[in-house]
Amino acid sequence: MITVNDVSLNFSGQTLFKHVDLKFTPGNCYGIIGANGAGKTTFLRILSGDLEPTTGEVVISKDQRMSVLKQDHFQYDQYTVLDTVIMGNQRLYDIMKEKDALYAKEDFTDEDGVRASELEAEFADMDGWEAESDVSRLIQGLGLSEDILYSEMSTLTAKEKVKVLLAQALFGKPDIILLDEPTNHLDIHAVEWLEDFILECESLIIVVSHDRHFLNTVCTNIVDVDYGGIKMYVGNYEFWYESSQMMQRLIRDQNKKKEEKIKELQEFVSRFSANKSKSKQATARRKLLDKLTVEEMPASSRRYPFVGFKMDREPGKEILAVEGLTKTVDGRKVLDNVSFRVNKGDKIAFVGEDEIATTLFKILMEELEPDAGTFKWGTTITTSYFPLDNSAFFNDCDLNLVDWLGQYTADNAEEGTESFKRSFLGRMLFSGDDVYKPVKVLSGGEKVRCMLSRMMLFGSNALVLDQPTNHLDLESITAVNNGLIDFKGVVLFASHDHEFVQTIANRVMEFVDGKLIDKMCTYDAYIAGAREEMLARLNG
């Protein structure tokens, strides 16, 4: 158990949060959410003991072992993968090394024998004899080969290191597990495996994540860092989001009787409680929801940007034809004779390896020449592009936000006015003097909101977006998600966000070993079997 008593933190003269009183109990998974800069990771550091609060205390029993997902990918470069994962339980690792040193001594004394016997007993109590097989199971579950167990960490790729460090955090049945963005850089199957692991885990787990599908699947509670306070609510992210939106509506509706509000909220809770899943986390969440009172419902004052794409012209029948595109990048054939047609109403998610989708998008937007093949947009099609790397739009640019946006409104008298631009930026959460900041000093999330604003001004009927949710907080991700759902034109996009892909795409494409899998279905259906079916057909 973790008990937080009257914790406050002042950082650089600013109060991030104050008077926080919370209790985290075993068997539950807590998702920490909040806007970028609200203090989610900082709060996690306080819980881990890595950062002292300004006031208050965090109480954890001394017999509780805590495991924290490490963020330094170079910290263990001199160690093997096996040693790195076992160091997730530092005491076990120390015992193993002390044992090895004793048995390697040429002058093994009686005292050494007594000490070795003590270590062997403790080693057995900690399931030390199962350590290597446990590490192997974790590594393979995350999609790595057990052949790398004796490889040095320095020889691994960045994505492989991420998986090894995650395995380290999960190793040895820790009592408390703290995970900061654990799904970053994980593929579909690794995320699914992690979800299953957490759902069956009896530890106290606390996660910070921007992955809504992940939070919905694993969380029994949501911890909201908002406006200087931290509050805990029962339920997963979807329950928190929908109930907080409902509470805002009910608070605004002064005419509705209290009894009617209570009945509506109770029906809402019942719908979320009726979860057929038998997992430990889902069962725990259902029991907590059953006890929930109306007074405990979240009523967040969180602000959401406005993201809406309107078409100046309806697209015709001919959208995009791609024939035999081939491209080699740095000696590697990224695209190999790729052909497909885009139809009216298509919202296509490109999943899988990032470089392939990025290369294809750059070719379609004429930023890159193909080695072979052709593509042709329909005569009625106008495009807007959200590139993976937006630095060219901001680096060395001395314009403020108003003038930067003005570059894309010059042809329209109404949109060119100062009041229009300020109002438009206000809807994207840039207010007051913020609109006069130079764009080159903006944060990653602020730059993304600028790029989305630019796209919205174009009135295009075909959108191409390469990882549009990168750097965004949950509120902005939700706004972009809803904006693309409502958009009536054509969308080609790449994303690792499960919920984002599932709710937007009606068609999924993936390049596997140079072959294009193209399936008209939802993302969940694709994962559930369509992918394997198409692969078998291609290889058959």
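Thresholds applied
- Residues numbered from 1 in each chain as written.
- Predicted model: local features only at pLDDT ≥ 70, side-chain atom pairs only at ≥ 80, totals over all residues.
- Heavy atoms only, no water.
- Helix = DSSP H or I, 4+ residues; strand = E, 2+ residues; numbered from the N terminus.
- Buried < 20%, exposed > 50% of the residue type's maximum accessible area, 1.4 Å probe, protein only.
- Contact = heavy atoms within 4.5 Å.
- Areas by Shrake-Rupley, 256 points an atom, 1.4 Å probe, with all protein chains shown as cover.
- Patch = residues over 30% accessible without salt bridge, like charges linked within 9 Å, V, L, I, M, F, W, Y side chains within 5 Å.
- Salt bridge = Lys/Arg side-chain N within 4 Å of Asp/Glu carboxyl O.
- Lys, Arg positive; Asp, Glu negative; His and termini not counted.
- Charge placed at Lys NZ, Arg CZ, Asp CG, Glu CD.
- Pairing = 2+ DSSP bridges.
- Right-handed = clockwise from strand over helix to strand, strands pointing away.
- 1 Å grid on protein atoms, 1.4 Å probe; cavity = no way out; pocket = protein on both sides within 12 Å on 5 of 7 lines; lining within 4 Å.
- Points joined across faces, edges and corners; volume = space filled by probe spheres on them.
- Nonpolar A, V, L, I, M, F, W, Y, C, P; charged D, E, K, R; others polar.
- Axes fitted to C-alpha atoms, helices over the stretch in contact; angles between N-to-C directions.

Novice: What is the right way to look at the overall build of the protein in this model?
Specialist: Check the secondary structure of the protein and you find 18 helices and 18 strands. Evaluated residue by residue, the protein yields a buried proportion of 51% over its 540 residues. Within the protein, residue pairs in contact and separated by at least 24 positions form 67% of the contacts whose partners lie at least 6 positions apart. Accessible area of the protein: about 25,600 Å², with a carbon and sulfur share of 48%.

Novice: So what exactly am I meant to see when it comes to a negative patch on the surface here?
Specialist: Taken together, the side chains of Glu-192, Asp-196, Glu-200 and Asp-524 present a region of like negative charge at the surface. Positionally, Glu-192 belongs in helix H7 (residues 188-199).

Novice: Even after reading the chapter, I still don't get the pairing of strand E6 (residues 176-180), so can you show me in this structure?
Specialist: Remark: a regular strand shows side chains that alternate across the two faces of the sheet. Judged by how many residues are buried, E6 sits mostly within the fold: five of five residues are covered. Here E6 shows no split at all, with Ile-176, Leu-178 and Asp-180 on one side and Ile-177 and Leu-179 on the other all buried. The pairing of E6 with strand E7 (residues 204-208) spans five bridges and is parallel. Residue pairing across strands places Leu-179 opposite Val-207, the latter belonging to E7. Handedness of the crossover joining E6 and E7 through H7: right-handed.

Novice: How should I be thinking about the layout of surface pockets in this particular structure?
Specialist: Empty space left among the atoms is revealed by rolling a probe the size of a water molecule over them. Roughly 1,400 Å³ of volume is contained in the largest pocket. Along the wall of the largest pocket there are 47 residues; nearest its centre are Thr-183, His-185, Leu-186, Asp-354 and His-496. Mapped by element, the contributors of at least two residues to the lining of the largest pocket are helix H6 (158-170), H7, strand E11 (332-342), helix H12 (354-364), strand E17 (507-512) and helix H18 (523-539). With five residues, the top contributor of residues to the lining of the largest pocket is H7. Of the residues that constitute the lining of the largest pocket, the class distribution is 13 nonpolar, 18 polar and 16 charged.

Novice: Honestly, the sheet that holds strand E10 (residues 320-329) in this entry has me stumped. Any pointers?
Specialist: What the three strands build is an open sheet, ordered E11-E10-E13; its pairing is antiparallel. Each edge of the open sheet carries a strand with a single partner, namely E11 and strand E13 (372-377). Averaged over all pairs of adjacent strands, the angle between strand axes in this sheet comes to 20 degrees, irrespective of strand direction. When E10 meets E11, the two strands line up antiparallel, connected through seven bridges. When the sheet's bridge partners are listed, Val-322 is paired in E11 with Phe-340. Here H12 sits on the sheet and contacts E10, E11 and E13; the angle it forms with E11, its principal contact strand, is near 60 degrees.

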